[in-house]
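Breakdown of the fold
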Amino acid sequence: MTVHDARRIRVALLGCGVVGSQVVRLLTEQADELAARIGAPLDLVGVAVRRPQRHPDVPTDLLTTDAAGLVTRDDVDVVVELVGGIEPVRGLLLTALKNGKSVVSANKALLAEDGAALAAAADESGADLYYEASVAGAIPILRPIQQSLAGDRILRVAGIVNGTTNFILSAMASSGANYAEALEEAGRLGYAEADPTADVDGYDAASKAAILASLAFHTRVTADDVHREGIRDVTAADIAAAKALGCTVKLLAICEQVDGAVSARVHPAMIPRSHPLASVSGAYNAVFIEAAAAGQLMFYGQGAGGPETASAVLGDLVAAARNRVIGGRGPRDSAHADLPIVAMGDTRTRYHVALDVADRAGVLAQVAGLFAEHGVSIATVRQEGRAAERSRTTEDSRGGRGGEDERVGDEGDGARGSRDATLVIVTHSAPDAALAATVDALTGLDAVQGVAGVLRVEGLGRPVTELGGVS
């Protein structure tokens, strides 16, 4: 392949770990093809690392420990950052942008915390800022939001954006394992870090949710604006309860525009098995978009990994280099809408609440009364335990079916004492604060022996009565 433009685009790389080493490999192996696509060759002129001796595959004349010196070199056109973390990376990238060098980054934590400052520096100098690899690895999701859907109005972005937690929850669902067992397996297979905190406590997903919400709704959203819950408290009983409802449990990043405001949250949730996201298993990622004109779209693929993430990095690098060759600029970050952020307490969704209760008369009435008192409407009630088994036997002998709401509090059963039963309640949509207050009040009832579990139920546009197993 022959490239007619003699100009060369010079690239500096910060970090040469799992992803960075793959970027170096692809730049070498695909040099001619990349040059043809760009209109000029790409020259890797420096690789900043902390320990040069650990990178024998990189030519020694490229290696340096002076990252600050590398990003200020006059012959550098594009800086690719794959170090991660906040400092000193923030200062390095701001310096690069202020000096007119385009930046390609996979740094979700920095972009979620201070993306506004990076975007402002890029705007001021006319440089490009690309970060497709910061969310969902190889999956092209930021560019479709920013460009392909630029003429549409996005209503909701819901995604499985952390492979570690999706692997753990998938393992719990398929094998019946508890959280600790599934986490151990994830570590053994290399899907979980030695310290999995960022993944299992939702920090990683929250950073990605902030980036997605910012782009989708043209509003600055930081990681601090995202409500965050992890999966440590998800139990095998929660997984089984979801299955009984025709659902599965996923850690979701959900970004919505509701009534002129933005809601961004990360938490475990039950979703119907018929929803496309429910079938995403293992360490895969997927992002589901609902737009006013385009309707429903789903993007699915590898959310992490060296070659996979390097693919996204190279895509951004090609775009930035091409802009250098032709004298153009990439899309700018837009925050023109500047919508308010909805507090989690005001965010509405549905809930699955499991209560361990005394099996005696009047319990259901007490429980229902507390829900009503706090403005939370009950959609369905199911009882599990001995009374439920007796109720089903009685219904069969009568040749019909009684109301499920009658199982707790039946005088015949209640007169026998206070054996344990479990009430499973699915609510209609309600504010999160109202549900939290209801649960707090329930723990004060003598008849409630404990709250076995609370999970949000995300129909993602479907009414709760359409969930399988719930009527």
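In case you missed it, the structure is sitting above this.
Residues numbered from 1 in each chain as written. Predicted model: local features only at pLDDT ≥ 70, side-chain atom pairs only at ≥ 80, totals over all residues. Heavy atoms only, no water.

A word on the pairing of strand 1 (residues 9-14)
Among the six residues in strand 1, five count as buried, and that is most of the element. When strand 1 meets strand 2 (residues 42-48), the two strands line up parallel, connected through six bridges. Bridging from a neighbouring strand, Leu14 pairs with Ala48 of strand 2. One ladder, built from four bridges, connects strand 1 with strand 4 (residues 78-81); its direction is parallel. Residue pairing across strands places Leu14 opposite Glu81, the latter belonging to strand 4. (Buried < 20%, exposed > 50% of the residue type's maximum accessible area, 1.4 Å probe, protein only. Helix = DSSP H or I, 4+ residues; strand = E, 2+ residues; numbered from the N terminus. Pairing = 2+ DSSP bridges.)

Some points on helix 7 (residues 163-175)
The first and last C-alpha atoms of helix 7 sit 18 Å apart over 13 residues, in line with the 18 Å expected at 1.5 Å per residue. Counting buried positions along helix 7 yields 10 of 13 residues, so the element is predominantly enclosed. Close packing links the buried residues of helix 7 with strand 7 (154-160), helix 8 (179-188), helix 9 (197-200), helix 11 (236-244), strand 9 (247-258) and strand 11 (284-291). With a side-chain oxygen lying 3.2 Å from the backbone nitrogen of Thr164, the N-terminal cap of helix 7 falls on Asn162. Positive backbone phi, at 80 degrees, marks Gly176, one or two positions downstream of helix 7. (Expected span 1.5 Å × (residues − 1). Contact = heavy atoms within 4.5 Å. Polar contact = N/O pair within 3.5 Å; in protein donor to acceptor, adjacent residues only side chain to side chain.)

Focus on the pattern of salt bridges
Following the criterion strictly, the structure yields 22 salt bridges and no others. Where Arg232 meets Asp201, a salt bridge forms, and the shortest distance between an N and an O atom there is 2.6 Å. Placement of Arg232 in the loop between strand 8 (227-228) and helix 11 and of Asp201 in the loop between helix 9 and helix 10 (203-217) is noted, with a sequence separation of 31 residues between them. The class for Arg232 is partly exposed, based on a relative accessible area of 39%. For the salt bridge of Asp333 with Arg220, the shortest nitrogen-to-oxygen distance reads 3.8 Å. Remark: Arg220 occurs in the loop between helix 10 and strand 8 and Asp333 occurs in the loop between helix 12 (306-326) and strand 13 (348-359); sequence separation between them is 113 residues. (Salt bridge = Lys/Arg side-chain N within 4 Å of Asp/Glu carboxyl O.)

Some words on the nonpolar core
The nonpolar side chains of a soluble globular protein tend to be buried with one another. Counting residues in each nonpolar core, the largest one holds 80 residues, and the members touching the most others are Leu14, Val79, Ile141, Ile168, Leu212, Met270 and Ile289. Sorting elements by how many residues they give to this core places helix 10 first, with 10 residues. Sequence-distant contacts of Met270, that is, excluding residues within four places in its chain, are made with Asp238, Ala241, Ala242, Leu245, Cys247, Thr248, Val249, His352, Leu455, Arg456, Val457 and Glu458. Residues Val11, Leu26, Val80 and Tyr130 belong to the second largest nonpolar core, which totals 34 residues. (Core = buried A, V, L, I, M, F, W, Y, C linked by side-chain atoms within 4.5 Å.)

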